[in-house]
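If you want the building blocks of each chain, they are given just below.
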Amino acid sequence: MFNKLAEERRSIRNFTDQLVEREKVDKIIEAALRSPSGRGARPWHFIVVTDEVMREKLSAARPGGGGFVKNASVAIVVCGDPSVSRLWVEDCTIAAVTMQYAVVSLGLGSRWFNIRGNNCKDGLTSSDYIAELLDLPESLDVQCIIAIGYPGEEVIPYKKEELHYDKVSYNRYGQKDA
Ligand SMILES: Cc1cc2nc3c(=O)[nH]c(=O)nc-3n(C[C@H](O)[C@H](O)[C@H](O)COP(=O)(O)O)c2cc1C
(Lines give C-alpha, C1' and ligand atoms only; values in the text may rest on other atoms or scores of the structure.)
Protein backbone atom coordinates (compact mmCIF):
# COMPACT_ATOMS: atom_id res chain seq x y z
CA MET A 1 0.00 0.00 0.00
CA PHE A 2 1.51 3.30 -1.07
CA ASN A 3 0.38 5.24 2.03
CA LYS A 4 2.50 2.97 4.19
CA LEU A 5 5.56 3.92 2.13
CA ALA A 6 4.61 7.58 2.40
CA GLU A 7 4.42 7.18 6.18
CA GLU A 8 7.79 5.46 6.42
CA ARG A 9 9.68 7.85 4.15
CA ARG A 10 11.90 10.25 6.06
CA SER A 11 15.23 11.73 5.04
CA ILE A 12 18.27 10.36 6.80
CA ARG A 13 21.91 11.43 6.81
CA ASN A 14 23.48 8.49 8.67
CA PHE A 15 24.07 5.20 6.89
CA THR A 16 25.67 1.92 7.98
CA ASP A 17 28.70 0.49 6.15
CA GLN A 18 26.56 -2.23 4.56
CA LEU A 19 26.73 -1.97 0.79
CA VAL A 20 23.50 -1.68 -1.15
CA GLU A 21 23.13 -4.73 -3.37
CA ARG A 22 23.28 -4.24 -7.14
CA GLU A 23 19.77 -5.76 -7.54
CA LYS A 24 18.34 -3.08 -5.24
CA VAL A 25 20.11 -0.32 -7.16
CA ASP A 26 18.69 -1.76 -10.38
CA LYS A 27 15.16 -1.70 -8.90
CA ILE A 28 15.56 1.93 -7.84
CA ILE A 29 16.75 2.91 -11.31
CA GLU A 30 13.93 0.97 -12.96
CA ALA A 31 11.35 2.74 -10.80
CA ALA A 32 12.84 6.13 -11.74
CA LEU A 33 12.86 5.28 -15.43
CA ARG A 34 9.12 4.54 -15.14
CA SER A 35 8.37 8.05 -13.82
CA PRO A 36 5.94 10.30 -15.60
CA SER A 37 7.44 13.19 -17.57
CA GLY A 38 6.03 16.11 -19.55
CA ARG A 39 5.10 14.88 -23.05
CA GLY A 40 6.94 11.68 -22.19
CA ALA A 41 10.21 13.49 -22.97
CA ARG A 42 12.20 11.75 -20.21
CA PRO A 43 14.92 14.41 -20.26
CA TRP A 44 16.82 12.79 -17.37
CA HIS A 45 20.15 11.01 -17.11
CA PHE A 46 21.20 9.14 -13.97
CA ILE A 47 24.80 8.50 -12.95
CA VAL A 48 25.07 5.79 -10.30
CA VAL A 49 28.17 6.46 -8.23
CA THR A 50 29.41 3.70 -5.95
CA ASP A 51 33.10 4.63 -5.99
CA GLU A 52 34.03 6.01 -2.57
CA VAL A 53 36.59 8.54 -3.82
CA MET A 54 34.11 9.87 -6.34
CA ARG A 55 31.38 10.10 -3.66
CA GLU A 56 33.73 12.10 -1.48
CA LYS A 57 34.36 14.49 -4.37
CA LEU A 58 30.62 14.76 -5.02
CA SER A 59 30.02 15.63 -1.37
CA ALA A 60 32.18 18.73 -1.93
CA ALA A 61 30.00 20.02 -4.77
CA ARG A 62 28.48 22.49 -2.33
CA PRO A 63 30.32 23.94 0.63
CA GLY A 64 29.07 22.29 3.82
CA GLY A 65 26.36 19.76 4.49
CA GLY A 66 27.21 17.10 1.90
CA GLY A 67 28.96 14.64 4.18
CA PHE A 68 26.08 12.17 3.92
CA VAL A 69 26.84 11.71 0.19
CA LYS A 70 30.30 10.44 1.07
CA ASN A 71 28.95 8.14 3.78
CA ALA A 72 26.14 6.62 1.72
CA SER A 73 26.73 3.41 -0.18
CA VAL A 74 25.40 4.81 -3.45
CA ALA A 75 24.93 8.32 -4.80
CA ILE A 76 22.69 8.76 -7.80
CA VAL A 77 23.37 11.99 -9.66
CA VAL A 78 20.18 13.17 -11.34
CA CYS A 79 20.84 15.26 -14.44
CA GLY A 80 18.49 16.78 -16.96
CA ASP A 81 18.77 18.02 -20.52
CA PRO A 82 17.09 21.44 -20.87
CA SER A 83 17.35 21.15 -24.67
CA VAL A 84 15.08 18.08 -24.56
CA SER A 85 12.36 19.59 -22.39
CA ARG A 86 11.63 22.92 -20.72
CA LEU A 87 10.06 20.80 -17.97
CA TRP A 88 13.33 19.06 -17.15
CA VAL A 89 13.36 20.35 -13.58
CA GLU A 90 9.89 18.97 -12.88
CA ASP A 91 10.71 15.69 -14.63
CA CYS A 92 13.99 15.20 -12.79
CA THR A 93 12.34 16.06 -9.49
CA ILE A 94 9.66 13.45 -10.01
CA ALA A 95 12.27 10.83 -10.97
CA ALA A 96 14.35 11.68 -7.90
CA VAL A 97 11.38 11.42 -5.55
CA THR A 98 10.31 8.16 -7.20
CA MET A 99 13.76 6.84 -6.31
CA GLN A 100 13.23 7.94 -2.71
CA TYR A 101 10.01 5.93 -2.41
CA ALA A 102 11.57 2.90 -4.13
CA VAL A 103 14.36 3.17 -1.57
CA VAL A 104 11.90 2.89 1.33
CA SER A 105 10.19 -0.12 -0.24
CA LEU A 106 13.58 -1.88 -0.30
CA GLY A 107 14.37 -1.27 3.39
CA LEU A 108 16.86 1.48 2.60
CA GLY A 109 17.07 5.19 3.40
CA SER A 110 18.00 8.27 1.39
CA ARG A 111 18.55 12.00 1.39
CA TRP A 112 18.42 14.61 -1.37
CA PHE A 113 21.53 16.80 -1.86
CA ASN A 114 20.46 19.81 -3.85
CA ILE A 115 22.76 20.91 -6.67
CA ARG A 116 20.74 23.04 -9.08
CA GLY A 117 21.20 26.77 -8.41
CA ASN A 118 24.11 26.23 -6.01
CA ASN A 119 27.72 27.31 -6.19
CA CYS A 120 30.79 25.27 -5.45
CA LYS A 121 33.75 27.70 -5.23
CA ASP A 122 35.42 30.58 -7.07
CA GLY A 123 32.46 31.29 -9.33
CA LEU A 124 32.16 27.62 -10.30
CA THR A 125 28.60 26.32 -10.07
CA SER A 126 27.98 23.03 -8.27
CA SER A 127 26.58 21.66 -11.51
CA ASP A 128 29.74 22.60 -13.50
CA TYR A 129 31.94 21.07 -10.80
CA ILE A 130 30.05 17.77 -11.11
CA ALA A 131 29.99 17.96 -14.90
CA GLU A 132 33.77 18.10 -14.91
CA LEU A 133 34.06 15.31 -12.34
CA LEU A 134 31.74 12.92 -14.18
CA ASP A 135 32.54 13.90 -17.78
CA LEU A 136 28.98 15.02 -18.41
CA PRO A 137 28.12 16.26 -21.90
CA GLU A 138 27.64 20.03 -22.09
CA SER A 139 23.91 19.67 -22.70
CA LEU A 140 23.27 18.34 -19.18
CA ASP A 141 22.54 20.24 -16.00
CA VAL A 142 22.63 18.60 -12.57
CA GLN A 143 19.48 18.69 -10.49
CA CYS A 144 20.42 16.80 -7.34
CA ILE A 145 22.16 13.80 -5.84
CA ILE A 146 20.15 11.12 -4.06
CA ALA A 147 22.33 9.50 -1.39
CA ILE A 148 21.23 5.96 -0.58
CA GLY A 149 22.21 3.36 1.96
CA TYR A 150 21.11 1.15 4.82
CA PRO A 151 19.74 3.37 7.59
CA GLY A 152 22.18 4.13 10.39
CA GLU A 153 19.60 6.09 12.34
CA GLU A 154 16.02 5.57 13.36
CA VAL A 155 13.51 7.78 11.64
CA ILE A 156 10.10 8.36 13.08
CA PRO A 157 7.15 8.87 10.74
CA TYR A 158 5.30 12.14 11.15
CA LYS A 159 2.25 11.80 13.37
CA LYS A 160 -0.98 12.45 11.56
CA GLU A 161 -1.61 15.45 13.86
CA GLU A 162 1.66 17.00 12.59
CA LEU A 163 0.52 17.08 8.97
CA HIS A 164 -0.51 20.49 7.64
CA TYR A 165 -4.16 19.81 6.96
CA ASP A 166 -4.69 23.56 7.49
CA LYS A 167 -3.12 24.02 4.03
CA VAL A 168 -5.83 21.94 2.38
CA SER A 169 -9.03 23.54 1.10
CA TYR A 170 -12.07 22.12 -0.65
CA ASN A 171 -13.62 23.68 -3.75
CA ARG A 172 -12.18 27.12 -2.95
CA TYR A 173 -9.29 28.44 -0.90
CA GLY A 174 -10.02 28.46 2.80
CA GLN A 175 -13.10 26.27 2.61
CA LYS A 176 -12.53 23.57 5.12
CA ASP A 177 -15.09 20.91 4.46
CA ALA A 178 -15.81 18.86 1.42
C1 LIG B 1 14.02 19.96 -3.20
C2 LIG B 1 14.72 19.40 -2.00
C3 LIG B 1 16.02 19.81 -1.71
C4 LIG B 1 16.68 19.27 -0.61
N5 LIG B 1 17.98 19.62 -0.40
C6 LIG B 1 18.65 19.08 0.63
C7 LIG B 1 20.05 19.36 0.81
O8 LIG B 1 20.68 20.00 -0.02
N9 LIG B 1 20.65 18.85 1.91
C10 LIG B 1 19.96 18.08 2.82
O11 LIG B 1 20.56 17.65 3.81
N12 LIG B 1 18.66 17.76 2.65
C13 LIG B 1 17.99 18.24 1.59
N14 LIG B 1 16.68 17.91 1.37
C15 LIG B 1 15.97 17.06 2.35
C16 LIG B 1 15.08 17.94 3.22
O17 LIG B 1 15.87 18.65 4.10
C18 LIG B 1 14.04 17.05 3.94
O19 LIG B 1 13.20 16.45 2.99
C20 LIG B 1 13.22 17.91 4.91
O21 LIG B 1 14.00 18.31 6.00
C22 LIG B 1 12.00 17.17 5.43
O23 LIG B 1 12.39 15.98 6.09
P24 LIG B 1 11.80 14.57 5.64
O25 LIG B 1 12.30 14.29 4.24
O26 LIG B 1 12.34 13.59 6.65
O27 LIG B 1 10.31 14.66 5.67
C28 LIG B 1 16.01 18.37 0.26
C29 LIG B 1 14.71 17.95 -0.05
C30 LIG B 1 14.08 18.42 -1.17
C31 LIG B 1 12.71 17.92 -1.51
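To start, this report covers the structure provided alongside it. (Residues numbered from 1 in each chain as written. Predicted model: local features only at pLDDT ≥ 70, side-chain atom pairs only at ≥ 80, totals over all residues. Heavy atoms only, no water.)

**Here we look at the side chain of Gln100**
Cut-off, in case you're wondering: Secondary structure elements are defined from DSSP: runs of H or I of at least 4 residues count as helices, runs of E of at least 2 residues count as strands, and each element is numbered from the N terminus. Whenever two N or O atoms come within 3.5 Å, that pair is a polar contact, provided that in protein one can donate a hydrogen and the other can accept it, and provided that, for residues adjacent in sequence, both atoms are side-chain atoms. Residue contacts are defined here by distance: any two heavy atoms, one from each residue, within 4.5 Å place the two residues in contact.
By secondary structure assignment, the location of Gln100 is in helix 5 (residues 88–105). Looking at Gln100, its side chain comes within polar contact range of the side chain of Ser110, at 3.1 Å. Apart from residues lying up to four places away in sequence, Gln100 is in contact with Arg9, Ser110, Arg111, Trp112 and Ile146.

**Thoughts on the sheet that holds strand 6 (residues 141–149)**
Cut-off, in case you're wondering: Strand pairing requires that DSSP identify at least two bridges connecting the strands. Between the N-to-C directions of two axes lies an angle of 0 to 180 degrees, each axis being a line fitted to C-alpha atoms and, for a helix, fitted only over the stretch in contact.
Reading across from one edge, 1-2-6-3 is the order of the four strands in this open sheet, with antiparallel pairing throughout. With partners counted over all chains shown, the strands left at the sheet margins are strand 1 (44–49) and strand 3 (109–114), one partner each. Between one strand axis and the next, the sheet turns through 20° on average, direction left out of account. Here strand 2 (residues 74–80) pairs with strand 6 via seven bridges, running antiparallel. Opposite Val74, over in strand 6, you have Ile148 as the bridge partner. Sitting on the sheet, helix 2 (residues 22–33) touches strand 1, strand 2 and strand 6, and the angle it makes with strand 1 is about 170°. Along the sheet, helix 3 (residues 52–59) makes contact with strand 1, strand 2, strand 3 and strand 6, crossing strand 2 at roughly 55°.

**Details of unusual backbone geometry**
The criterion, for reference: The cut-offs for exposure are 20% and 50% of the maximum accessible area for each residue type, with area from a 1.4 Å probe on protein chains only; residues under the lower value are buried, those over the upper are exposed, and the others partly exposed.
The backbone of Arg39 shows a phi angle near 55°, a positive value even though the residue is not glycine. Topologically, Arg39 is positioned in the loop between helix 2 and strand 1. Given the relative accessible area of 87%, Arg39 is considered exposed. Despite not being glycine, Arg42 has its phi angle at roughly 45°, a positive value. In this structure Arg42 comes out as exposed when scored by relative accessible area, which is 52%.

**So, the environment of Val155**
Summarising the element assignment, Val155 is placed in the segment after strand 6. Its relative accessible area of 29% is what places Val155 among the partly exposed residues. Between the C-alpha atoms of Val155 and Arg10, which are 145 residues apart in sequence, the distance is 6.3 Å. Setting aside residues up to four positions removed in sequence, Val155 forms contacts with Arg10, Ser11 and Ile12.

**Re the site of the ligand**
Filter applied, for reference: A single heavy atom is enough: if one lies within 4 Å of a molecule or strand, its residue is considered near that molecule or strand. For every accessible area listed, the method is Shrake-Rupley and the probe measures 1.4 Å; residues are considered covered only by the protein chains on display.
The environment of the ligand is formed by Arg9, Arg10, Ser11, Arg13, Arg62, Phe68, Arg111, Trp112, Phe113, Asn114 and Tyr158. The contact in question runs from an oxygen atom of the ligand to an N or O atom on the side chain of Arg62, over 2.6 Å. For the ligand, whose accessible area on its own is 620 Å², the fraction buried by protein is 61%. Here the shell around the ligand takes four residues from strand 3, the largest share from any one element.

**Focus on the side chain of Asp91**
Structurally, Asp91 is set in helix 5. Side-chain polar atoms of Asp91 contact the backbone nitrogen of Gly38, separated by 2.9 Å. Non-local contacts of Asp91, meaning those with residues more than four positions away in its chain, are made with Pro36, Ser37, Gly38, Pro43, Trp44 and Ser85.

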